[in-house]
Amino acid sequence: MNYNPAGVPPGLEYLAQIDQILIHQQVELLEAVIGFETKNRYEIKNSMGQKIFSAKEDTDCCTRNCCGPLRPFDLEIKDHNDQEVIHLVKPFRCTSCCCPCCLQEMEIQSPPGTTIGYVVQDWHPFLPKLSILGPSKEHLLKLEGPCFAISCCGDVDFVLKGKDDQAIGKITKQWSGLVKEMLTDTDNFGIQFPIDLDVRVKAVLLGACFLIDFMFFERTGDSGQRCSVFG
């Protein structure tokens, strides 16, 4: 891959040593009980379950509960010292599978204020497809999900492919069990990638995981229904 600039953004050094990340969304009691949409919070762990980062959505109450999963938001990813090491920015986008405009996207910054890449939705009438782009929006990798991106009694894989269309990893929405899936809005994900992948690209894949969560697995208010950008 022709994307390996010198230097690693501060706080991301540990990502160079791993080939797997686990993401656990934390249960919000108010949201679980009455369906009131609260700020999403996540713990980011290594394969042994050790916490390496924490993430918190930055939105206001009106935006969360009026715009639902389509809402614009910033997401701050912090290290053990409570220092922000990655900043995600998602603009508002409409939901549609019929129109190739206004598709979902996310900007990834590390350190905050310095763009290291983007995740953009590729138009397709029924397949979930995303492109992993560099800071100049050059194409690096792509993600492709199943025709029905629904977590129903099993994991859902979004396959990570290189420019030669060969699978090199995946983002997996992990099945959490019937009770938890039905009664809460919390999701678990796993990200697998080559250990020698550039640290910046690993950080962009982390952003891709959060975008996938909002696109396909976020509940819509108090309806209890999972949403999809395909409507």
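Please refer to the structure placed before this passage.
Here we summarise the structure given alongside this text. (Residues numbered from 1 in each chain as written. Predicted model: local features only at pLDDT ≥ 70, side-chain atom pairs only at ≥ 80, totals over all residues. Heavy atoms only, no water.)

Buried residues dominate strand E8 (residues 129-133), accounting for four of its five residues. Relative to E8, strand E7 (residues 115-122) runs antiparallel, the two being bridged by five bridges. Counted as the bridge partner of Gln121 is Leu130 from E8. Adjacent in sequence and paired antiparallel, E7 and E8 are bridged by six residues. (Buried < 20%, exposed > 50% of the residue type's maximum accessible area, 1.4 Å probe, protein only. Helix = DSSP H or I, 4+ residues; strand = E, 2+ residues; numbered from the N terminus. Pairing = 2+ DSSP bridges.)

With that settled, consider the side chain of Asp79. Tracing the backbone through its elements, the reader meets Asp79 in the loop between strand E4 (73-78) and strand E5 (84-90). Within the buried core, Asp79 has no salt-bridge partner, and the shortest N-O distance to an opposite charge, that of Lys78, equals 8.7 Å. Within the local environment of Asp79, its side chain forms a polar contact with the backbone nitrogen of Asn81, the two atoms lying 2.9 Å apart. Within the local environment of Asp79, its side chain forms a polar contact with the backbone nitrogen of Gln83, the two atoms lying 2.9 Å apart. Residues within four places of Asp79 in sequence aside, it is in contact with Ile52, Phe53 and Val85. (Lys, Arg positive; Asp, Glu negative; His and termini not counted. Salt bridge = Lys/Arg side-chain N within 4 Å of Asp/Glu carboxyl O. Polar contact = N/O pair within 3.5 Å; in protein donor to acceptor, adjacent residues only side chain to side chain. Contact = heavy atoms within 4.5 Å.)

Position of Glu107 among the secondary structure elements: in strand E6 (residues 105-109). With no salt bridge to any partner, buried Glu107 finds its closest opposite charge in Lys137, at an N-O distance of 7.9 Å. A polar atom in the side chain of Glu107 sits 3.1 Å from the side chain of Gln109. At 2.4 Å, the side chain of Glu107 forms a polar contact with the side chain of Thr115. If we ignore the near neighbours within four places in the chain, the residues touching Glu107 are His87, Leu88, Val89, Thr115, Gly117 and Tyr118.

So, on to the packing of aromatic side chains. In this structure the tally under the stated criterion is six aromatic pairs. Summarising the aromatic geometry, the rings of Phe158 and Phe216 are spaced 5.6 Å apart at their centres and angled 35° between planes, so their arrangement reads as tilted. Linking Phe158 in strand E10 (residues 156-161) with Phe216 in helix H4 (residues 199-216), this pair joins segments that are 58 residues apart in sequence. With respect to burial, Phe158 and Phe216 carry one shared label: buried. The structure contains a cluster of three or more aromatic residues connected by ring pairs, namely Phe158, Phe189, Phe216 and Phe217. Positioned above the aromatic ring of Tyr118 is the side chain of Lys137, whose terminal nitrogen or guanidinium carbon lies 4.7 Å from the ring centre. In this arrangement the basic side chain of Lys173 is found over the ring face of Phe217, its NZ or CZ atom lying 5.6 Å from the centre. (Phe/Tyr/Trp six-rings, centres within 6.5 Å; stacked < 30°, edge-to-face > 60°. Lys NZ or Arg CZ within 6 Å of the ring centre and 35° of its normal.)

Moving on: the environment of Glu57. Note that Glu57 resides in strand E3 (residues 51-58). With 16 residues separating them along the chain, Glu57 and Arg41 place their C-alpha atoms 6.4 Å apart. Polar side-chain contacts of Glu57 include one of 2.7 Å to the side chain of Arg71.

The quantities given are spatial measurements derived from coordinates; they are silent on function.
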